[in-house]
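As a plain string of letters, each chain reads:
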Amino acid sequence: MRLRGRPSRVITPVIVEVAVEVSLVTWNAHWGVSPRTWRPFDVVSVLAAIEADVLVLQEVFWPDVGVGWVDRAAERLGMRVLSVPLERAEVSDRHRVVVEPRSRVRTRWGGRIERFRIADLFRVGEGRTCGWWGLAVLSRRPLHLVEELELPTIIGDPVRRRVPLVAVDVGGGQLLVAATHLSHWPTHALVQLVRLRSLLAGRPVVVAGDLNLWPSAVRSVFRGFHLAEAGPTWPSSRPLVQTDHVVSPEGWAVRHAETLAVGGSDHVPLRVTLCSIRDRRLR
């Protein structure tokens, strides 16, 4: 007997294997200073309470004198740390501010005036401490800096935004992480995110950090990527919007995402479990 009709399609079974699983936390630590009292909080204890393989931290402060809290946390947790100071800064019991270097600029009338530092507008309080402000990545596994990516400089933002691209050794391979902190102006942050996307084109990089953008804006730039959505992360007193994000490329799926009710910052930490996926077709 002969059967008529379309030939049947052969379906090849596919087994999806989880090769590596990594837990990653991104957190804006607000200089280690409470946004309510302007007093330092115990960042080391907060980081010790967070269980993660990789910590991506923004607004880290390193004092000129003494050991900074990120280095003390790395020592206590037995983690490797990669520090990326971005700008000179100062903090007191009433303020924290990034300091612009003084410079002289030419006016439209041909004269010259001295450009003030941003800090001159806000210098109040006692106990002023000078140091550096920037990013840090802590890891329980070996890591190294691949390169630093330069983002567009924005008028009104005193920070020269740079993105360290960090390679973390995982399961015989590498996890590439772009530690990111974009401008606090959303329109400017969007410009910087588009630029970052173009700089990362073709590379399987996980973008993690305080992007100062809503999930819809991040998704519109990183089409085809996995976006970890776990609910609002800012402000910590009453979270209203998720501005802290982890974006993973094809091959790295988001298995779980959650916000953590810890810390004294104005942001709450976002913890994401990433898993490396590979397909094996049965023949």
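Let me begin by describing the structure that accompanies this report. (Residues numbered from 1 in each chain as written. Predicted model: local features only at pLDDT ≥ 70, side-chain atom pairs only at ≥ 80, totals over all residues. Heavy atoms only, no water.)

What follows deals with the pairing of strand β10 (residues 173–181). Along β10, seven of the nine residues are buried, which leaves the element largely enclosed by surrounding structure. Across six bridges, strand β9 (residues 162–170) lies against β10 in antiparallel orientation. Bridging across to β10, Val168 finds its partner in Leu175. What sits between the antiparallel neighbours β9 and β10 is a turn of two residues, in which Gly171 has the positive phi angle 50°. As paired strands, β10 and strand β11 (residues 205–210) are joined by six bridges and run parallel to one another. (Buried < 20%, exposed > 50% of the residue type's maximum accessible area, 1.4 Å probe, protein only. Helix = DSSP H or I, 4+ residues; strand = E, 2+ residues; numbered from the N terminus. Pairing = 2+ DSSP bridges.)

What follows deals with the pairing of strand β2 (residues 54–63). Most of β2 is tucked away: nine of the 10 residues are buried. Sheet topology places β2 next to strand β7 (residues 129–139); eight bridges connect them, and they run antiparallel. Paired with Val54 across the two strands is Ser139, which belongs to β7.

With 56 residues, the main nonpolar core has Leu47, Leu55, Leu57 and Trp69 as its most contacted residues. Ranked by residues supplied to this core, first place goes to β2 with seven residues. Within the second largest apolar cluster, 22 residues are counted, among which are Leu151, Leu200, Leu211 and Val247. (Core = buried A, V, L, I, M, F, W, Y, C linked by side-chain atoms within 4.5 Å.)

This paragraph deals with the packing of aromatic side chains. As enumerated under the stated definition, the model contains four aromatic pairs in all. Both rings, one in Trp27 and one in Phe41, keep their centres 6.3 Å apart while their planes meet at 55°; by these two values the pair is tilted. Taken together, the residues Trp27 in strand β1 (residues 14–28) and Phe41 in the loop between β1 and α1 (43–49) connect sequence positions 14 residues apart. (Phe/Tyr/Trp six-rings, centres within 6.5 Å; stacked < 30°, edge-to-face > 60°.)

So, about the pattern of salt bridges. A side chain with one charge can pair with a side chain of the opposite charge if their charged atoms come near. Under the defined criterion, the tally for this structure stands at nine salt bridges. Where Asp53 meets Arg141, a salt bridge forms, and the shortest distance between an N and an O atom there is 3.7 Å. Of this pair, Asp53 sits in the loop between α1 and β2 while Arg141 sits in the loop between β7 and β8 (143–150), and the two are 88 residues apart along the sequence. Residue class for Asp53 comes out buried when judged on its relative accessible area of 16%. Looking at Arg141, the relative accessible area reads 23%, which means it is partly exposed. (Salt bridge = Lys/Arg side-chain N within 4 Å of Asp/Glu carboxyl O.)

Along helix α2 (residues 69–77), the positions that sit buried rather than exposed are Trp69, Val70, Ala73, Ala74 and Leu77. All buried residues of α2 lie within an arc of 140° about the axis, which places them on one face of the element. Across α2 from its buried face, at more than 90 degrees, point the exposed residues Glu75 and Arg76. In this fold, the buried residues of α2 make contact with α1, β2, β3 (80–91) and β7. (Arc of directions from axis to C-beta. Contact = heavy atoms within 4.5 Å.)

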